[in-house]
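# Examination of the molecular architecture
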Amino acid sequence: MTPEKKLLFIILLFGVALFISLPANFTLFDRKFTRPDLDLRFGSFEIKKNFDLIFGLDLAGGSHLVFEADVSGIPDSQRRESAIEGVRDVIERRVNLFGISEPNVQTSTFAGKDRIIVELPGIKEPKEAIELIGKTAQLSFAEVSGEAEEQTLIPTDLTGADLARADVTFDQTTGKPVVTLEFTSEGGNKFAEITGKNVAKQLPILLDGQVISAPVVQEQITGGSAIISGEFTLDEAKTLAIQLNAGALPVPISLVEERTVGATLGAESVERSVKAGLVGVAMVLVFMVAAYGKLGIVADLGLIIFGVLTLALYKLIPVVLTLPGIAGFLLSVGMAVDSNILIFERFKEEKGKRPTSDALEVSFGRAWDSIRDANIATLVTAFILANPFDWSFLHTSGPVRGFAITLALGIGISLFTGIVVSRNLLRVFIREEKK
Amino acid sequence: MNWMKFRRVYFLISGAVIAVGVYSLLTWGLNLGVDFKGGALIEYKIEKEISTEGATAKIEEKGIAVTSVQKLGGETYLFRLESVDNEKRESIKGVLQEVGGSVEELRFENVGPSIGPELIKKTIYALVIAAIAILIWITIQFKSFKFGVSAVLAMFHDSLVLLGLYSLLGHLFAAEVDFLFVTAMLTILSFSVHDTIVVYDRIRESQKKLGGNLYDLANKAVTETFVRSINNSFTIIFMLVALALLGGSTIKWFAIALLIGTISGTYSSPFVAVPLLVTWEEIKHKISK
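Identification of chain B as Protein-export membrane protein SecF from Candidatus Woesebacteria bacterium GWC1_42_13 is taken from an unreviewed UniProt entry. For chain B, the Subcellular location (unreviewed entry) comment in UniProt is given as "Cell membrane". Under the UniProt heading Function (unreviewed entry), the note attached to chain B is "Part of the Sec protein translocase complex. Interacts with the SecYEG preprotein conducting channel. SecDF uses the proton motive force (PMF) to complete protein translocation after the ATP-dependent function of SecA."

Labelled according to an unreviewed UniProt entry, chain A appears under the name Protein translocase subunit SecD, originating from Candidatus Woesebacteria bacterium GWC1_42_13. Looking at the Subunit (unreviewed entry) heading of the UniProt record, one finds this comment for chain A: "Forms a complex with SecF. Part of the essential Sec protein translocation apparatus which comprises SecA, SecYEG and auxiliary proteins SecDF. Other proteins may also be involved." Per its UniProt entry, chain A bears the Sequence similarities (unreviewed entry) comment "Belongs to the SecD/SecF family. SecD subfamily."

In structure tokens, the structure reads:
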């Protein structure tokens, strides 16, 4: 490929990246533009993607919660592990009740402490969420013994763990809301046994020892599913279903960390960092022209291409952008021009020794060794910070990771723009000059 | 230029900066933030202007210990308190509503005391693993253990400079050590080594072509990479200064920490790593004689 063809390819790539990196709506010269989302169809194959930046909790607003599980009651390490998995599943179910888009629940173990990290983007009332998530709530079914005046409740071995799901439906004849229960196969057997013993009696459902519902058994129920009917309002039925679904945590948990950022503060942070970024980039652009003249313009073009490509990649991968992530990006802008500076300094030296176009090629070749070795060292650090394999002895979440990911991406792309883009730009310009 | 002749001066300058830092570390320690110490950090937007002393007194009446209240400008205030639960959180908001009208919680961070030690451990692991990885990488690429060791020592020099000066900033301007500081600390490692490798690369290249002793090669390499080092640091400094001045309160100290690290990293490559290398070679020479 000739440098001109490569340049054409770069321009094409730049165009595509520019399209992706544009905001969804923007105004230019008093005209409003809307960037369409990608919606391609090849027969039955369909690609649909909206190119929006994804912001992390600190920019979009939301809550980051860390719970610690108390597993002191379980000495066996294998059962402890499954208990933690159980906790995660229950929390996931509880979180899903809030109808938040893309909640994230993960476990982390360090130095004998078991943690569950819960991320709730865009949540307005974190207090309620914390209360519901943290409820140790023990759900169980109880038998009633004794006569009307001195009834006692005897809990059975049928618990929340035996319940597969609960839903709200409507009775087909009366049109009233009812709650349907579906048991696991083991739970179904237990339920059949218990209902067989208690026909025409109440079978109270207890949550943390409190009766939340006390349906009367009409007949023995063997199918593994049941219906609780009664004088429910729709809201009552929903609440009951939520309580039943949320089940019980296998072990108690406590909140050890909370970070909540309001949406307004997040938006302000974005605005400020964008401003800081623009000012910084402008200074770098001016500096490069001041220090290297025409060569500086080439470096600036490379830098602009770098910025657009990076933004496009954030959207394509997608990278969840956090405040430290933005800092990582801005930092990589500063580092992106480094390969250009290395080459230009080398070029100044070599120009005295040989013809210009040779000097250029020699400079690129010689500078490459140090660019490669130096950037690999930076990538190694970024790798350790990003901890992609989730090694439990390193940081597994939070700002460190966001920063490392954008820094690593920045270095990767800067190698491309620093070497491929500026090199071909320079080749073409120098050839033009010779003519 | 005979840079290596003034090795003692460079070691003295580094020694002095580190001595100030270590003195500050020993006297005042680090100003640990909630990430390490545990406690709560709440940013409120309060409609009416409130007196920070008055608000502090009223909150303490409720039995909640207040570490500090800081006006961030506009209508926003930053409260640092002991670790609070939901009940206390509500009662603080109640107190502020009494004195300030409508109150909005912009940011709420509450960290239990058990998180800090874990953070420190993980950070030390990350530091050690990064240092070993870089040591191995340089030793392989430059086929010499002393190149690797000198680079890693320069790296620790930068970490120590940052830690010490940040302790001083913590004492003078209440700069807090938080999660972001840890990130800055680890990033500095890569910065430092990035610059060092560029100088090393020149030594390696001249060694292949011209041969000669390390002392002269080092002088030549430092001269050849000097302008590049300064110019490159300028571009990074531009970005960081913009971030420190315009980026907002959350990111300001992070940018300043990176700034200290960048300057130290730029200095330490020609003036710590390379002189160490030359000194090492000299000592080896003397012993073999």
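Counting its regular elements, chain B contains nine helices and four strands. Relative to the compact-globule value of 19 Å for 289 residues, chain B shows a C-alpha radius of gyration of 24 Å, a clear excess of over 25%. The principal-axis extent of the C-alpha atoms belonging to chain B is close to 80 × 35 × 30 Å. Of all 289 residues assigned to chain B, the portion counted as buried reaches 48%. Of the contacts formed within chain B by residues at least 6 apart in sequence, a portion of 77% connects residues at least 24 apart.

So, about unusual backbone geometry. Cis geometry marks the peptide bond from Ile317(A) to Pro318(A); its omega dihedral reads -15°. One non-glycine residue, Lys143(B), lies in positive phi territory at about 50°. Among the secondary structure elements, Lys143(B) is positioned in the loop between α5 (115–141) and α6 (145–173). Its identity is not glycine, yet Ala174(B) carries a phi of approximately 60°, on the positive side. For Ala174(B), the location among the structural elements is in the loop between α6 and α7 (179–209). Assessed through the 12 C-beta atoms surrounding it within 10 Å, Ala174(B) is described here as exposed.

This paragraph deals with the sheet that holds strand β11 (residues 163–170) of chain A. All names here are of chain A. The three strands lie next to each other as β11-β12-β15, forming an open sheet whose pairing is antiparallel. Either end of the sheet is taken by a strand with one partner, and the two such strands are β11 and β15 (225–228). Ignoring strand direction, the axes of neighbouring strands in this sheet form an average angle of 20°. One ladder, built from seven bridges, connects β11 with strand β12 (residues 177–183); its direction is antiparallel.

What follows concerns the confidence of the model for chain B. All names here are of chain B. With 99% of its residues at a pLDDT of 70 or more, chain B shows a mean pLDDT of 88. Across chain B, element-level confidence peaks in helix α1 (residues 7–28) with a mean pLDDT of 94 and bottoms out in helix α2 (residues 34–37) with 81. Both confidence scores are given for the complex: pTM 0.79, ipTM 0.86.

Now for the UniProt feature "transmembrane region" (unreviewed entry) in chain A. Residue and element names in this part refer to chain A. What UniProt calls "transmembrane region" (unreviewed entry) maps, in this numbering, to residues 274–292, 297–317 and 400–426. From the first C-alpha to the last, residues 297–317 spans 30 Å; its make-up is 95% helix and 0% strand. Along residues 400–426 the backbone is 100% helical and 0% strand, and the end-to-end C-alpha distance reaches 37 Å.

Here the focus is the interface of chain A and chain B. Taken together, the 56 residues of chain A in the interface contact 54 residues of chain B. Counting residues per element, the ones that place at least two in the side of chain A that touches chain B are β16 (253–261), α7 (263–292), α9 (323–351), α10 (356–386) and α11 (399–434) of chain A.

Another aspect to go through is the packing of α6(B) against α7(B). Residue and element names in this part refer to chain B. Contact geometry of α6 with α7 gives a least axis separation of 9 Å together with a crossing angle of 140°. In this structure, α6 crosses over α7, and the sense of that crossing is right-handed. Each of Phe-147, Ala-151, Ala-154, Met-155, Asp-158, Ser-159, Leu-162 and Tyr-166 in α6 lies in contact with α7, whose residues at this interface are Phe-181, Met-185, Ile-188, Leu-189, Ser-192, Val-193, Thr-196 and Tyr-200. Along the lines of polarity and charge, the residues of the contact of α6 with α7 split into 12 nonpolar, three polar and one charged.

Residues and elements named next belong to chain B. The biggest cluster of nonpolar side chains holds 129 residues, and the ones touching the most others in it are Ala-218, Met-239, Phe-254 and Ala-257. With residues up to four places along the chain from it excluded, the contact list for Ala-218 reads Met-4, Ile-203, Val-274, Leu-277 and Val-278. If you look at the next biggest cluster of nonpolar residues, it comprises 25 residues, including Ile-42, Ala-55, Val-69 and Leu-81.

A word on the domain arrangement of chain B. Per the domain assignment, the segments making up chain B are domain 1 (3–34 + 115–288) and domain 2 (39–111). For domain 1 of chain B and domain 2 of chain B, the distance between their C-alpha centres works out to 40 Å.

Turning to the pairing of strand β2 (residues 66–73) of chain B, a few remarks are in order. Residues and elements named next belong to chain B. One ladder, built from six bridges, connects β2 with strand β3 (residues 76–81); its direction is antiparallel. Residue pairing across strands places Gly-73 opposite Thr-76, the latter belonging to β3. Connecting the antiparallel pair β2 and β3 is a turn made up of two residues, with Gly-74 showing a positive phi of about 65°.

Split into domains, chain A comes out as domain 1 (3–21 + 262–434), domain 2 (62–136 + 251–260) and domain 3 (139–236). Here the C-alpha centre of domain 3 of chain A lies 28 Å away from the C-alpha centre of domain 2 of chain A.

Time to look at the environment of Ile260(B). All names here are of chain B. Mapped onto the elements of the fold, Ile-260 is located in helix α9 (residues 249–288). Judged by the 20 C-beta atoms lying within 10 Å of it, Ile-260 falls in the buried class. In sequence terms Ile-260 and Thr-250 are 10 residues apart; their C-alpha atoms lie 17 Å from each other. Each residue touching Ile-260, except ones within four places of it in the same chain, is listed here: Val-161, Leu-162 and Leu-165.

The next point concerns the UniProt feature "transmembrane region" (unreviewed entry) in chain B. Residue and element names in this part refer to chain B. Under the local residue numbering, the UniProt record ascribes the feature "transmembrane region" (unreviewed entry) to residues 9–30, 123–140, 152–173, 179–200, 230–247 and 253–280. Helix makes up 100% of residues 179–200 and strand makes up 0%, while its end C-alpha atoms are separated by 32 Å. The span residues 230–247 is 94% helical and 0% strand by assignment, and the distance between its end C-alpha atoms comes to 24 Å.

What counts, and at which threshold
Residues numbered from 1 in each chain as written. Chains lettered and ligands numbered in written order. Predicted model: local features only at pLDDT ≥ 70, side-chain atom pairs only at ≥ 80, totals over all residues. UniProt positions renumbered as here; feature names shortened; annotations may be inferred. Helix = DSSP H or I, 4+ residues; strand = E, 2+ residues; numbered from the N terminus. Rg over C-alpha atoms; globule rule 2.2 N^0.38 Å. Buried ≥ 20, exposed ≤ 12 C-beta atoms within 10 Å, placed from the backbone. Contact = placed C-beta atoms within 7 Å. Pairing = 2+ DSSP bridges. Axes fitted to C-alpha atoms, helices over the stretch in contact; angles between N-to-C directions. pLDDT = per-residue confidence, 0-100. Left-handed = near helix turned anticlockwise from the far one by under 90°. Nonpolar A, V, L, I, M, F, W, Y, C, P; charged D, E, K, R; others polar. Core = buried A, V, L, I, M, F, W, Y, C linked by C-beta atoms within 7 Å. Domains from an automatic or database assignment.

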